[in-house]
Amino acid sequence: MSIRTFDFAYGRGRKTFELDDELILKEVRTETFPVMENVAEGVLEAIHHPIGLPSIAEIVKPGDTVAFICNDPTRVANSFDFMPVLVNEMNRLGVPDESMKIVFALGTHREMSHEEMVEQVGEDVASRLRMFNSIATKSEDFEYFGDTSRGTPVWIHKELCNVDHVILTGTIVHHYFSGYGGGRKAILPGCAAMETVRVNHSFMLDEKAGLGITKGNPCYEDQMEGVALFAKGRSLFLFNAILNAKHEFLRMFAGDYVAAHNEACRFVDQVYGCEIPHEADLVVASCGGYPKDINVYQMQKTMDNAACAVKKGGVVILFADCEEGSGSAVLEETFRRLKTPEAIKKELEENFRIGANKAFAITRPLSKARFILVSRLDRDLARDMLFTAAVDTPEEAFALAKTFVGERPSVILMPEGSLTVPRVAA
């Protein structure tokens, strides 16, 4: 027996545990790629040699107006690193600070405070540019662009509608029902009205709505169609980055919001995809710490990834601090009232609601394996949400897991669980 000590991210800190090395099938990590040494140079190289569009210098003219879309705190984007470079380059191209603004893509998330905005883009940029929250429930803040062929009404934030250029920023990871993040998602759902998001997200109930799937994925295709309605006659320019698990820049992709995103997604598969020999009895995963485990709403994405690595009827131990609890009152109410996965899905099919949809998303991995949380999540709430348990320490989690999988289970470790997508080797 060879005992090893492991150290996983948990909230704003770490959790350690010990395991017999002989039990471990695989430690799933992001692939190692060279880290970008000069971020500013990387930004300028990307925007001046973009994919599918001319250089930004040929697109942006002196006196033009520009709106940047930036991520909210639930997404790790390192906007504070690239936004000063982008803003200063706009200045060099003849766009003064007063002709630029930032719209934060909240989707259906909570409103950001001014302090959080400053934290996202840095004090210099925040002091120079006007900043806006895209709050999905403020219907007066959105303009209508028609309906998609699937019936989604396309309402987009008005601050993106009165500028010469919209620059979509952010990072890309796999997304559990719309294939991949980044790209068009900055606009829809990022800067869309609640009804737009609600109808679009209702397509997550379709079996083709899944991780890394774009072709035939109704959520992805509907988002693309909706953004195309908005983009008609407008100048959209994409700037997306790929980060490693340490939040360091690996590559940057800029240009046409379709072509550049497609190329970036191929790189995402290389970085975050990982082969495993076979599914394990026990998966031990971390979301990757704050903000990936800020609440259950965000933690759920790691649940989907971990479910790719665990046997049917196995156990996942998930390190997820959840300092903000569930992240959704609707999510909690749905579980407490409906109590079973079948009832949750049936109601969503009849009346799709944001928040309730996350309850459905949580039940999908729970239908495959037991989930034991190492978390500060309220214990009664954890049971209401159908988790096997929420405990304080790794030792408690392992002791409970062994009652289901025995003393010598096969184990897969996922220290970067929100990023990595395991797949069984062919």
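Attention here is on the structure that accompanies the text. (Residues numbered from 1 in each chain as written. Predicted model: local features only at pLDDT ≥ 70, side-chain atom pairs only at ≥ 80, totals over all residues. Heavy atoms only, no water.)

## Some thoughts on the pairing of strand 4 (residues 66–71)
Line of reasoning, step 1. Of all six residues that make up strand 4, six are buried, and the element is covered over most of its length.
Line of reasoning, step 2. Across the two faces of strand 4 the burial is the same, with Val 66, Phe 68 and Cys 70 and Ala 67, Ile 69 and Asn 71 all buried.
Line of reasoning, step 3. As judged from the six bridges shared by strand 4 and strand 5 (residues 100–105), these two strands associate in the parallel manner. When the bridges of strand 5 are listed, Asn 71 appears paired with Ala 105.
Line of reasoning, step 4. With helix 3 (residues 79–92) bridging strand 4 and the parallel strand 5, this β-α-β connection has right-handed handedness.
Line of reasoning, step 5. Bridge count between strand 4 and strand 9 (residues 165–171): four bridges; the pairing is parallel. Paired with Val 66 across the bridge in strand 9 is His 165. (Buried < 20%, exposed > 50% of the residue type's maximum accessible area, 1.4 Å probe, protein only. Helix = DSSP H or I, 4+ residues; strand = E, 2+ residues; numbered from the N terminus. Pairing = 2+ DSSP bridges. Right-handed = clockwise from strand over helix to strand, strands pointing away.)

## Here's the deal with the environment of Phe 253
Line of reasoning, step 1. With respect to the element layout, Phe 253 can be found in strand 13 (residues 249–255).
Line of reasoning, step 2. Taking the C-alpha atoms as reference, Phe 253 lies 5.3 Å from Asn 240; in sequence the two are 13 residues apart.

## Considerations on the sheet that holds strand 19 (residues 411–414)
Neighbouring strands of a sheet are bound in pairs by backbone hydrogen bonds; such pairs are parallel or else antiparallel.
Line of reasoning, step 1. Across the sheet, six strands lie side by side as 3-19-15-16-17-18; this open sheet has parallel pairing. One side of each edge strand has no neighbouring strand; the edge strands of this open sheet are strand 3 (24–27) and strand 18 (389–391). For this sheet, the mean inter-axis angle between neighbouring strands, taken without regard to orientation, is 20 degrees.
Line of reasoning, step 2. Of the pairings in the sheet, the one linking strand 3 to strand 19 comprises three bridges and is parallel in character. (Axes fitted to C-alpha atoms, helices over the stretch in contact; angles between N-to-C directions.)

## Points about the pattern of salt bridges
Line of reasoning, step 1. Under the definition given, this model contains 30 salt bridges.
Line of reasoning, step 2. A salt bridge links Asp 124 to Arg 128; its shortest N-O distance comes to 2.8 Å. Highlighted residues: Asp 124 and Arg 128, both in helix 5 (residues 123–128), separated by four residues, approximately one helical turn.
Line of reasoning, step 3. Given the relative accessible area of 21%, Arg 128 is considered partly exposed.
Line of reasoning, step 4. Here Asp 141 and Lys 158 are joined by a salt bridge, their closest N and O atoms 3.6 Å apart. Taken together, the residues span a long stretch of sequence, with Asp 141 in the loop between strand 6 (130–133) and strand 7 (142–147) and Lys 158 in the loop between strand 8 (153–157) and strand 9 at a distance of 17 residues.
Line of reasoning, step 5. The class for Lys 158 is partly exposed, based on a relative accessible area of 34%.
Line of reasoning, step 6. Look at the salt bridges and you will find they share partners, linking Arg 4, Asp 21, Glu 27, Arg 29 and Glu 416 into a network. (Salt bridge = Lys/Arg side-chain N within 4 Å of Asp/Glu carboxyl O.)

## Here we look at the sheet that holds strand 9
Line of reasoning, step 1. Judged by pairing direction, the sheet is mixed, and its six strands sit side by side in the order 6-5-4-9-12-13 without closing on themselves. Two strands in the sheet have a free side with no partner beyond their single neighbour: strand 6 and strand 13. When the angles between neighbouring strand axes are averaged without regard to direction, this sheet yields 20 degrees.
Line of reasoning, step 2. Taken strand by strand, helix 3 contacts strand 4, strand 5, strand 9, strand 12 (235–243) and strand 13, and its axis lies near 175 degrees from that of strand 4. (Contact = heavy atoms within 4.5 Å.)

## A short note on the packing of helix 10 (residues 329–338) against helix 11 (residues 341–350)
The angle between the axes and the distance between the axes are what describe a pair of packed helices.
Line of reasoning, step 1. It is the contact of helix 10 with helix 11, at a shortest axis distance of 9 Å, that shows an interaxial angle of 120 degrees. Considered as vectors, helix 10 and helix 11 are oriented oblique to each other. Crossing of helix 10 against helix 11: the hand is right-handed. Touching Thr 334, Phe 335, Arg 337 and Leu 338 of helix 10 are Ala 343, Ile 344 and Glu 347, all from helix 11. (Parallel < 35°, antiparallel > 145°, perpendicular 65-115°, else oblique. Left-handed = near helix turned anticlockwise from the far one by under 90°.)

## Some details on the nonpolar core
Line of reasoning, step 1. Residues Met 299, Leu 318 and Phe 387 are the most contacted members of the largest nonpolar core, which totals 77 residues.
Line of reasoning, step 2. Among residues more than four places away in sequence, those in contact with Leu 318 are Ala 285, Ser 286, Cys 287, Met 299, Thr 302, Met 303, Phe 371, Ile 372, Leu 373 and Val 374.
Line of reasoning, step 3. Of all hydrophobic cores here, the second largest spans 40 residues; its members include Phe 68, Val 85, Val 95 and Phe 104. (Core = buried A, V, L, I, M, F, W, Y, C linked by side-chain atoms within 4.5 Å.)

## Some thoughts on unusual backbone geometry
Line of reasoning, step 1. The linkage connecting Leu 188 with the following residue, Pro 189, adopts the cis geometry, with an omega of 20 degrees.
Line of reasoning, step 2. Positionally, Pro 189 belongs in the loop between strand 11 (179–180) and helix 6 (194–201).
Line of reasoning, step 3. Cis geometry marks the peptide bond from Tyr 290 to Pro 291; its omega dihedral reads 0 degrees.
Line of reasoning, step 4. Note that Pro 291 resides in the loop between strand 15 (280–286) and helix 9 (296–307).
Line of reasoning, step 5. A positive phi angle, close to 65 degrees, is found at His 247, a residue other than glycine.
Line of reasoning, step 6. Summarising the element assignment, His 247 is placed in the loop between strand 12 and strand 13.
Line of reasoning, step 7. His 247 sits in the partly exposed class, given a relative accessible area of 29%.
Line of reasoning, step 8. One non-glycine residue with positive phi stands out, namely Leu 386, at about 75 degrees.
Line of reasoning, step 9. On the basis of relative accessible area, Leu 386 is assigned to the partly exposed category, the value being 31%.

## Some points on the side chain of His 201
Line of reasoning, step 1. Considering the arrangement of structural elements, one finds His 201 in helix 6.
Line of reasoning, step 2. His 201 sits in the buried class, given a relative accessible area of 11%.
Line of reasoning, step 3. Every residue in contact with His 201, bar those within four places of it in the chain, is listed here: Phe 177, Pro 189, Cys 219, Gln 223, Phe 352, Ile 354 and Asn 357.

## So, the packing of helix 11 against helix 12 (residues 356–366)
Line of reasoning, step 1. Axis separation between helix 11 and helix 12 bottoms out at 9 Å; the angle between their running directions is 140 degrees. In terms of orientation, helix 11 and helix 12 fall into the oblique class. Along this stretch, helix 11 crosses helix 12, giving a crossing that reads as left-handed. Residue-level inspection shows Pro 341, Ile 344, Lys 345 and Leu 348 of helix 11 in contact with helix 12, the latter providing Ala 356, Asn 357, Ala 359, Phe 360 and Thr 363.
Line of reasoning, step 2. In terms of residue class, the contact of helix 11 with helix 12 is built from six nonpolar, two polar and one charged. (Nonpolar A, V, L, I, M, F, W, Y, C, P; charged D, E, K, R; others polar.)

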